[in-house]
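Remarks on the overall topology
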Amino acid sequence: MRSATTHDVFSLLLVYFLLIYQMANNKNGVNGSVNDDCNIIWRIGAIIDPISRLGKEQKVAIEMAVHEFNGQNSKCSELVFDFAYYSHGSSSPAASIATYLVNKKQVHAILGPLTQQEAVLFSEFDESYKGIPIISLSPTATYSPQLVSPKDPPSSLVQISDDVKSQMQCIAALIGHFKWRKVIALYESTNSFSNMDSGLITHFSDSLKVVGSTVEYHLAFPPLLSLSNSKSFTKEELEKLKTKNVKVFVVVQCSLDFGLVLFEMATEMGMMGKDYVWIISDNMASFFDSVEPSVLLNMQGVIGFKSNVDDKSESFKQFNAKFRRKYRSEYPEEEEGNPSPSFYALKAYDATWATAKAMQKLTKNNSSELVKTILSSDFEGLSGKVSFKNGVIFQKPIFKIINVIGKSYREVSFWSPEFGFFNDLVEYNGMKLKIGNGLGGDLESILWPGGQQKVPKGWTIGGLEKPLKIGVPAKGAFNQFVTVNFNQERNETIIGGFSVHVFEAVVRQLPYYLPYVLVPFYGTYDEMVVGVSNKNLDAAVGDTEIMADRYEYAEFSQPYIDSGLVMIVTERPILKKPRFIVIKAFKLKLWILLAVMSMSTGVVIWLNEYVNNNPDFSGSFPQLIGSMLWFSVTVLSFSQRESIRSNLSRLVLTTWLCVVVVITACFTAVLSSIMTVPRLEPSILDVDYLIRTNAAVGCNGNSFIVRYLVNLRFKPENIKKISSISDYPEAFKKGEISAAFFVAPHAKVFLSKYCKGYTKSGPVFKLGGFGFVFPKGSPLAVDISEAVLKVSQSGEINQLEEQMLISSNCSSSSAKEQDPGLGPELFSGPLLISGVICGIVLLISIARLVKRHWLILSSIIASNAAMVSRWVSLALTQCYSILGIKFCKVSSPVIDQRSNNQQNGEIAEVF
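It should be emphasised that the depicted structure is a prediction, and the values quoted were computed from it without experimental measurement. (Residues numbered from 1 in each chain as written. Predicted model: local features only at pLDDT ≥ 70, side-chain atom pairs only at ≥ 80, totals over all residues. Heavy atoms only, no water.)

**Considering the overall build of the chain**
Quick reminder of the rule: Numbering goes from the N terminus for both helices and strands, where a helix is a DSSP run of H or I of at least four residues and a strand is a run of E of at least two. The buried label goes to any residue with under 20% of its type's maximum accessible area, the exposed label to any with over 50%, and the partly exposed label to all in between, with areas taken from a 1.4 Å probe on protein chains only. Residue contacts are defined here by distance: any two heavy atoms, one from each residue, within 4.5 Å place the two residues in contact. To measure how exposed things are, a 1.4 Å probe is used in the Shrake-Rupley method; for residues, cover is taken only from the protein chains shown.
What the chain contains, in helices and strands, is 27 helices and 32 strands. Within the chain, the proportion of its 911 residues that are buried is 48%. Of all intrachain contacts in the chain linking residues separated by at least 6 positions in sequence, the fraction that spans at least 24 positions is 74%. Carbon and sulfur atoms provide 56% of the accessible area of the chain, an area that totals close to 45500 Å².

Right, dumping it as structure tokens:
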């Protein structure tokens, strides 16, 4: 072997320096310089929370995307990621961490949980930052600009997470489906800098308004890591919520770790039992596949939703297997649970790929071009189709509705803004999903907290240990509606009456047990309504009128009885002498019937006599008509000049005359009554007369009527307050009042008891009716209203009204003037007999007439058969000859046969 020569040494040195030069060029290329053989190397910064499950999954998913992209890229270009860590809920905003990545790491794009507000702040740090793309992975990132910042979001912000509005709409849809009208909202604050928490509640409240519900109370918990003793703090806050009547709790935003602590404390405090409802959002439910199954035992009966993923696709199965291996290798300390990727891990994976694909298409570092390229992405990702519209991911959200049972959960339905709840499998938005043949899917099969299958009502008022305190008016003027008596023997107050019985019937219609106790209230009705408003009373039952001004203080149920303001006055006698008083003895129907019967009787008698050849009933056709009409009139007074020979005619006439005698007697009696007996009418006809004459009027002093009469321009000094129904007759008798004003149900009771001498007069002023009183926003008011309608439709209220309010035989209707005229009903028997006899005689007369003239016509046809045959033949021939013409003229041959003159004369006499 020969020794190394000088030439060899120089050759080796040359190769060495070339390698050093190449390595230097490679290093410059990594820093963003251009190499003749390689593309530009882009740097992407990612902001994650290294402690939370969300941050860990996003980190693993991003690393997988970077590794796969670099492995599939055949060129020497490389995608480099720099991770920056922040603590969830820290005082340092994500925007400050983004500036660190740009300044120190020289990144060209940023992925992370930046909100619109934080993106605006980041772009204002330096003019050079405005074009750097910010791909937001925040699960609650999209808010209305007016809520987050007075400025529009920067054009470089790319929103790849779902709009929070859809999540809030899904929760509202669940609440609306089960008809919960009030909820309590809970959420974990993100950080002290951002105001997106208030925007979240604003969106939630707006969504609830659409379904007729509201947020009764909302509670913000500080970030879990900021608490020294998270369990103790959470327990103290839940103690405040436990005392509230609303039992529907919605966790609109929280981390997985906080949610587990929250439900552990709720279970320990007995807030996961019967009557409670818990709803969780996507940012917690999406991690149920990853948690230790035993922790779900604290969440039995919880319902929630998670974003729908096509987990049956081959691409997802491959990603899922790789994700589990990598997650276990990076976080070996998390031995428990199943490290399945959540929807947010899929979003991070797709966001990384969208950014990498966009960078691959560019040939130089141009941030504005990079933003445009990212927004033009259009590919099928693991989370769905990745495309953008106005800087926001353009995906139609689909949520699975889940119900926690045992150590797992089950899917009960699906929801989307387009279809609502559904459950039949179809292809939609690039994914397999279920779409419904029935509203609500399988929501009715949910197992609720406490093991209930019946839907909780969502609120509680009172209980066996603390029943509802319901006030009843103890000083009402009409004790038929509410009676308050003290039983000394039993040492208890007995409360009853129509209104109380109606309320008891209504409560029986409620789908749940309602404990309550009735408490006498000795103030006015207005003071009782204010007592309900001040929470001194939980509700009020009685003859309480629904008034517009009372709605300022409380709510009312559906009215259980109609009402209106009625004026009651005394009656006075009056003799009525109208110009045509004679006609009023009979009703119009009877007058018409008598005229028809009289005409029919005359026609039947005349026809029967004519058939029997009575010479008094003959003449020309006009004379015959005139004699019929005249006979119908004269037969009533026996003044007819014609003699009647037929027995059938006499039968008809006799029956009719008997009817006439009876009717005449009744007519005389009724007419005498009308002309001699005085009728009663109201002593005062209208309200204006009372106002003009300064007349005194009476009313219940504890009711709203005093205020109402003042509004009608009555002087206060002319309004006499009367406290009892029995005091009104005495006040009328002494002349202390000229009229009394009652609400319609009270007026009905008064006239039922004092039906003689009093009557209604004037117009009825429409009111709202009697209803039950509840505090503002009380969910019980809606349930009671529904129960009132059921009781009303069943007729039970009408039965109670007849038994308890109108038990007297006399009523207000007896005071009204009745029409004295007699109708045909009273004479139906005699008129029917007369009519039947007339009809039988008429049929007999017609039969005789036909029989007589049929013999004559038969003899004519028999004697002139040849003539008739010839006449018919000529007529047919002429008709056929002019077929198609509207009229055909029939020429009859002239027959001059002297032998038939007598017969023709008879025919002429007949016709």
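**A closer look at the packing of aromatic side chains**
The line we're drawing: A pair of aromatic rings is counted whenever rings of Phe, Tyr or Trp (Trp by its six-membered ring) have centres within 6.5 Å, and the orientation is called stacked for planes under 30 degrees apart, edge-to-face for over 60 and tilted otherwise. Note on criteria: charge over ring means Lys NZ or Arg CZ within 6 Å of the ring centre, with the direction from the centre no more than 35 degrees off the ring normal.
In the structure shown here, the tally under the stated rule is 40 aromatic pairs. Taking the centre distance of 5.2 Å and the plane angle of 65° together, the rings of F263 and W278 count as edge-to-face. With F263 in helix α9 (residues 256-268) and W278 in strand β9 (residues 277-280), this residue pair connects regions lying 15 residues apart in the sequence. Residue classification places W278 among the buried residues on the basis of a relative accessible area of 0%. Cluster of aromatic residues (ring-pair linked, three or more members): F478, Y728, F732, F742, F750, Y754 and Y758. The ring of Y512 carries the charged tip of K457 above its face, separated from the ring centre by 4.7 Å.

**Some points on the sheet that holds β9**
Put simply, the rule reads: Strands pair, by our definition, only if DSSP identifies at least two bridges between them. Fitted lines through C-alpha atoms serve as axes, helices being fitted only where they are in contact, and the angles separating the N-to-C directions of these axes extend from 0 to 180 degrees.
Sheet architecture is open: eight strands sit in the order β7-β6-β8-β9-β10-β15-β16-β17, paired in mixed fashion. Where the open sheet ends on each side, the last strands, each with one partner, are β7 (214-221) and β17 (420-422). In this sheet, adjacent strand axes meet at a mean angle of 30° when their direction is disregarded. Bridging between strand β16 (residues 408-416) and β17 involves three bridges; their strand directions are antiparallel. Looking at β17, one finds that S416 is bridged to G420. Where helix α8 (residues 230-242) meets the sheet, it contacts β6 (182-188), β7, β8 (248-253) and β9, and its direction lies at approximately 165° from that of β7.

**Some points on helix α2 (residues 53-72)**
How we decide: For a helix, the expected span equals 1.5 Å multiplied by the number of residues minus one.
For α2, with 20 residues, the first-to-last C-alpha span of 29 Å sits near the 28 Å given by 1.5 Å per residue. Within α2, 15 of the 20 residues are buried, which leaves it mostly tucked inside the rest of the structure.

**Focus on helix α24 (residues 796-804)**
For clarity, the cut-off: Arc, as used here, means the arc of the directions from the helix axis to the C-beta atoms.
Burial in α24 covers these residues: I797, L800 and E801. The buried residues of α24 occupy one face: seen down the axis, they fall within an arc of 100°. Exposed residues pointing more than 90 degrees away from the buried face of α24 are listed as E802 and Q803.

**Let's talk about a nonpolar patch on the surface**
Our working rule: Patches here are clusters of residues that have more than 30% relative accessible area and form no salt bridge, with a 9 Å joining cutoff for like charges and a 5 Å cutoff for nonpolar side chains (Val, Leu, Ile, Met, Phe, Trp, Tyr). For salt bridges, the criterion is a side-chain nitrogen of Lys or Arg within 4 Å of an Asp or Glu carboxyl oxygen.
A contiguous nonpolar patch, built from I583, L588, W591, I592 and V596 and spanning about 490 Å² of accessible area, is present on the exposed surface. Residue class for L588 comes out exposed when judged on its relative accessible area of 63%.

**Focus on the nonpolar core**
Selection rule: Among the buried residues, those of types Ala, Val, Leu, Ile, Met, Phe, Trp, Tyr and Cys that are joined through side-chain atoms within 4.5 Å form a nonpolar core.
Formed by 75 residues in total, the largest nonpolar core has its most connected members in L709, F714, F741 and F772. In terms of residues, this core owes the most to one element, helix α14 (residues 498-508), which gives seven residues. F714 has contacts with V687, L690, I691, V697, L709, I719 and F741, leaving out every residue within four places of it along the chain. Core analysis: the next-biggest nonpolar cluster, separate from the first, contains 43 residues, V60, Y349, W353 and A358 among them.

**Focus: the pairing of strand β30 (residues 739-743)**
Of all five residues in β30, five are buried, a share of seventy percent or more. Sheet topology note: the strand β28 (residues 697-700)/β30 ladder contains two bridges and is parallel. Within the sheet, the bridge partner assigned to V697 lies in β30 and is A739.

**Considerations on the environment of K584**
Here K584 lies in the loop between β26 (564-574) and α16 (588-611). Expressed as a C-alpha distance, the spacing of K584 and V670, which sit 86 residues apart in the sequence, is 8.9 Å.

**Considerations on the confidence of the model for the chain**
To be explicit about the condition: How sure the predictor is of each residue is captured by pLDDT, a score from 0 to 100.
Residues with a pLDDT of 70 or more make up 76% of the chain, whose mean pLDDT is 79. Within the model, pLDDT remains below 50 along residues 6-37, and this stretch shows nine contacts once partners closer than five positions in the same chain are excluded. Overall, residues 140-151 carries pLDDT values under 50, and its contacts beyond four positions in sequence, including any with other chains, amount to 37 contacts.

**Here we look at the packing of α8 against α9**
Applied cut-off: The scheme is simple: roughly parallel for angles under 35 degrees, roughly antiparallel for over 145, roughly perpendicular for 65 to 115, oblique for anything else. For any pair of crossing helices, the crossing counts as left-handed if the nearer helix is rotated counterclockwise from the farther one by less than a right angle, and right-handed if it is rotated clockwise. Residue polarity is assigned by list, with Asp, Glu, Lys and Arg as charged and Ala, Val, Leu, Ile, Met, Phe, Trp, Tyr, Cys and Pro as nonpolar; anything else, Gly included, falls into the polar class.
It is at 9 Å that the axes of α8 and α9 come closest, and there the two elements cross at 55°. Viewed along their axes, α8 and α9 adopt a mutual orientation that is oblique. The way α8 lies across α9 gives a crossing that is right-handed. Facing S230, K231, T234, K235 and L238 of α8, the residues of α9 in contact are F258, V261, L262, E264, M265, A266 and E268. Taken together, the residues that form the contact of α8 with α9 break down as six nonpolar, two polar and four charged.

**A short note on the environment of G259**
As for its position among the elements, G259 is in helix α9. We classify G259 as buried; its relative accessible area is 0%. When the C-alpha positions of G259 and Y187 are compared, they lie 9.5 Å apart, and in sequence the two are 72 residues distant. When neighbours within four sequence positions are excluded, G259 is seen to be in contact with C254 and M284.

**Let's talk about the pattern of salt bridges**
One pass over the structure, following the stated rule, counts 21 salt bridges. Here K59 makes a salt bridge to E330, at a shortest N to O gap of 3.4 Å. Placement of the pair is K59 in helix α2 and E330 in helix α11 (residues 314-330), with a sequence separation of 271 residues. Taking the relative accessible area as the measure of exposure, K59 reaches 12% and is therefore buried. The class of E330 is partly exposed, set by a relative accessible area of 27%.

**Description of the pairing of strand β21 (residues 483-487)**
Looking at chain direction, β21 and strand β22 (residues 492-496) are connected through five bridges and run antiparallel. Bridge assignment links V484 to a residue of β22, and that residue is I495. In sequence, β21 turns back onto β22 through a hairpin of four residues, with N491 there showing a positive phi of about 55°.

**A closer look at the environment of A505**
Relative to the helices and strands, A505 resides in helix α14. Given a relative accessible area of 2%, A505 falls into the buried group. Linking A505 and V791, residues 286 residues apart in sequence, is a C-alpha distance of 7.0 Å. Beyond its immediate stretch of four places on either side in the chain, A505 contacts V791 and E796.

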